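# Commentary on secondary and tertiary structure
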Amino acid sequence: MLMPLHTDARQTGAQSEFDINPLYIRLAQEPVPRHALPRHQMLPDTALQVVRDELLLDGNARLNLATFVTTWMEPQAQLLMAECLEKNMIDKDEYPQTAELESRCVNILADLWHAPEGMNATGCSTTGSSEACMLAGMALLWRWRERRRAAKEASDRPNLVMGANVQVCWEKFCRYWQVEPRLVPMAPGRYHLTGPEAAARCDENTIGVVAILGSTMDGSYEPVGEINAELDRLAATGGPDVPIHVDGASGGFVAPFLQPGLVWDFRVPRVASINASGHKYGLVYPGVGWVVWREAEALPKDLVFNVNYLGGQMPTFALNFSRPGAHVAAQYYNFLRLGFSGYQRVHQACQDVAVHMSGRIAKMGPFELITEGRELPVFAFRIADPHASYTVFDLSERLRTRGWLVPAYTFPEDLTDIAVIRVVIRNGFTPDLADLFLADLDHHWRALAAHWNDCAPIVPEGKRQSFAH
C-alpha cells in the first residue's frame, strides 16, 4: 500500500490541540493548535516548553546504533556552528571566506583521495551524500550522452550498474532521471557487488558503475580495484569504456585513515568521481556532504550555472540553492582540529569497539556474524538457528526498552530470508557503553529463548517494519 509522505492531519480524527503546563508559564488554560497557526503570539519560554515537551519522546542520540550520522561534536565546534548559523553557503560574494573554506575542504579531500596533480580536480559541498550522488550521477549521464551523440548513436536508453545493496538515493536518481537501474542481486555468501558481476551487466548504454565503499547493509567495502580490472578486460575485448563512481558516503572518511594501503580512490584509473558524507565519519552534525571529480572535464560545463545573484557572477552546481554555511565551517574546523592522525585515532577507536563487540556477540551462542567491523566500524549479525522461537525484530524491540536503537531488517531480493541486526559505531560510543549494550543483548536473547511463549511482541504483528536508512 502506497503511503503519502505526510497525511492531512485534519482527516485523521486525531486531537487537534494540546495543553501547556501552567505551573511556571504565564500563559495557561489556553489551547494551542497542533496543525494550524495559533491566533496569537506566545512568550518565548512558552513556545520553548511546548517544543521541548514534544521532543522528550525522541530517542537518545548517543544510544542510536542505527544511524551513520554524527551525534556528538566538541563544544567548540558547536559554538562555531552557532556563530555561522545565519550564513547562506550560496551567498559567496557576501560570505567570501566561508566560500574559501569550502574550496579548501574540496582541495583537502582531493589530496586525501589522491587526485592526480595537474588534472585540476574539482568539487563542491552539498547537503549530504544523497545530493552528492545525484550530482555525480548527472555528470555520468551527461558525459555518456555527449559520447553517444559524438558517435552519432542513440542516447535514449541509459543504464547504471550497481549492487542491490545501494542506498535508496541511487534508486531515486535512476527514477528521477529515467535511467535503467541494473541492480546486481545479492547471493549466499556475496553481499555486495563484485567485478565480474558488474562487467557482465555493462553495455554501450551503461553510463557508469557505482561501487560502494561501505555498504549500509553490513559495512563491507566493494572491491573498486577488482571492478576496475574487470572493466579494463571488457574494454580490451571491444566492449564499452565504462567509468566508475565511488559512493564513499561513509568509507571515504574511513579508508584513508584505517586502510591506507587499500587502492579504491583516484589511484584507480576508472574512478571519475567520489562522494562522501561530512556528516557521517567526517564527524560533522547532519547537513553536509562532498563530491569531487578527478578532473574538470569529468564535470560537463552544461551542468554548471553562472548566476548573477547578490552582486557577482557565481558558478553553482547543486540541486538546492540556499543551504547552511555553518556545516562547511565545522568541516574545516575538524580538518584543522584533528589532522590526519586525529581522524585516524578517532576511527581506530570506533573500529576497536566494533571488533570487540562483534567478537563478544559471536561467542554468545545464538548469533552468527555477517561482518566483524574490520572495514567500516559497522557489523551485522543474525540468529544462527532459522527455527529459533524469536527473531532479530524481537531483540530490536526489547533493546529499545533500555534506550538502545538498533535496526533489524531483511536483506534485499534473493536474500530476504536473511534478517540481521546492524550496529554502527560512531565517535562518542565508548567501550563502557559497548559493554552495557552487550550485557543487555545477552539478557534479552536469553529471556526470549526461555519465555517466548509468555511474551507478546511489543509491536503488534502486521505492524513491524524493517529498518531502512
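The preceding data block contains the structure.
Basis of the calculations
- Residues numbered from 1 in each chain as written.
- Predicted model: local features only at pLDDT ≥ 70, side-chain atom pairs only at ≥ 80, totals over all residues.
- Heavy atoms only, no water.
- Helix = DSSP H or I, 4+ residues; strand = E, 2+ residues; numbered from the N terminus.
- Contact = heavy atoms within 4.5 Å.
- Areas by Shrake-Rupley, 256 points an atom, 1.4 Å probe, with all protein chains shown as cover.
- Salt bridge = Lys/Arg side-chain N within 4 Å of Asp/Glu carboxyl O.
- Buried < 20%, exposed > 50% of the residue type's maximum accessible area, 1.4 Å probe, protein only.
- Expected span 1.5 Å × (residues − 1).
- Phe/Tyr/Trp six-rings, centres within 6.5 Å; stacked < 30°, edge-to-face > 60°.
- Lys NZ or Arg CZ within 6 Å of the ring centre and 35° of its normal.
- Core = buried A, V, L, I, M, F, W, Y, C linked by side-chain atoms within 4.5 Å.
- Polar contact = N/O pair within 3.5 Å; in protein donor to acceptor, adjacent residues only side chain to side chain.
- Pairing = 2+ DSSP bridges.
- Axes fitted to C-alpha atoms, helices over the stretch in contact; angles between N-to-C directions.

What follows concerns the overall build of the protein chain. Along its length, the protein chain carries eleven helices and 15 strands. Across the protein chain, the fraction of contacts at a sequence separation of at least 24, relative to all contacts at a separation of at least 6, is 71%. For the protein chain, the computed accessible surface area is about 23500 Å², with 52% contributed by carbon and sulfur atoms.

This model, assessed by the stated rule, comprises 17 salt bridges. Across the pair Arg104 and Glu100 runs a salt bridge whose closest N-O atoms are separated by 2.9 Å. Highlighted residues: Arg104 and Glu100, both in helix α3 (residues 96–112), separated by four residues, approximately one helical turn. By relative accessible area, Arg104 is classed as partly exposed at 32%. Between Arg182 and Asp203 there is a salt bridge, and its shortest N-O distance comes to 2.8 Å. Of the two residues, Arg182 sits in strand β5 (residues 180–184) while Asp203 sits in the loop between α6 (195–200) and β6 (206–212), which places them 21 residues apart along the sequence. Classification of Asp203 by relative accessible area gives buried; the value is 18%. Connected via shared salt-bridge partners are Lys92, Glu102 and Arg323.

Because each turn of an α-helix spans 3.6 residues, side chains separated by three or four positions end up pointing in the same direction. Taking 1.5 Å of rise per residue, 17 residues should cover 24 Å, and α3 covers 24 Å from first to last C-alpha, within 8% of that figure. Of the residues making up α3, those classed as buried are Thr98, Ala99, Leu101, Glu102, Cys105, Val106, Leu109, Ala110 and Leu112. On its buried face, α3 sits against β3 (122–126), α8 (255–258), β9 (289–293) and α9 (326–362).

With that settled, the discussion passes to the packing of aromatic side chains. As enumerated under the stated definition, the model contains 17 aromatic pairs in all. Ring centres of Phe173 and Trp177 lie 5.4 Å apart, and the angle between their planes is 25°; on these two criteria the pair is classed as stacked. Between Trp293 and Phe317, the aromatic rings sit 5.8 Å apart at their centres with planes inclined by 35°, giving tilted as the arrangement. Of this pair, Trp293 sits in strand β9 while Phe317 sits in the loop between β11 (312–316) and α9; the two residues are 24 residues apart in sequence, bridging distant segments of the chain. In this structure an aromatic cluster arises from ring pairing among Phe253, Phe257, Phe335, Phe340 and Tyr343. Taking the ring centre of Trp142 as reference, the NZ or CZ of Arg145 above it sits at 5.0 Å.

What follows covers the nonpolar core. Formed by 61 residues in total, the largest nonpolar core has its most connected members in Trp113, Val209 and Leu231. The leading source of residues in this core is α9, at ten residues. Apart from residues lying up to four places away in sequence, Leu231 is in contact with Ala199, Cys202, Val209, Val242, Ile244 and Arg270. Counting residues in hydrophobic clusters, the runner-up holds 31 residues, among them Ala354, Ile383, Val406 and Ile421.

Mapped onto the elements of the fold, Thr126 is located in strand β3. One polar contact links the side chain of Thr126 to the main-chain carbonyl oxygen of Gly128, over a distance of 2.7 Å. Among all residues touching Thr126, those that are not within four sequence positions of it are Glu131, Ala132, Leu135, Gly287, Val288, Gly289, Trp290, Val291 and Arg323.

Taken in spatial order, the seven strands make up an open sheet running β3-β9-β8-β7-β6-β4-β5, and their pairing is mixed. If you trace the sheet from one side to the other, it starts and ends with β3 and β5, each paired once. The sheet shows a mean angle of 20° between the axes of neighbouring strands, taken without regard to direction. Bridge count for strand β7 (residues 244–247) against strand β8 (residues 271–277) is four bridges, and the pairing is parallel. Each residue of the ladder has a partner; that of Val246, found in β8, is Ile274. Where helix α5 (residues 168–176) meets the sheet, it contacts β4 (159–163), β5, β6 and β7, and its direction lies at approximately 165° from that of β4. Against the sheet, helix α7 (residues 224–236) touches β6, β7 and β8, its axis set at about 170° to β7.

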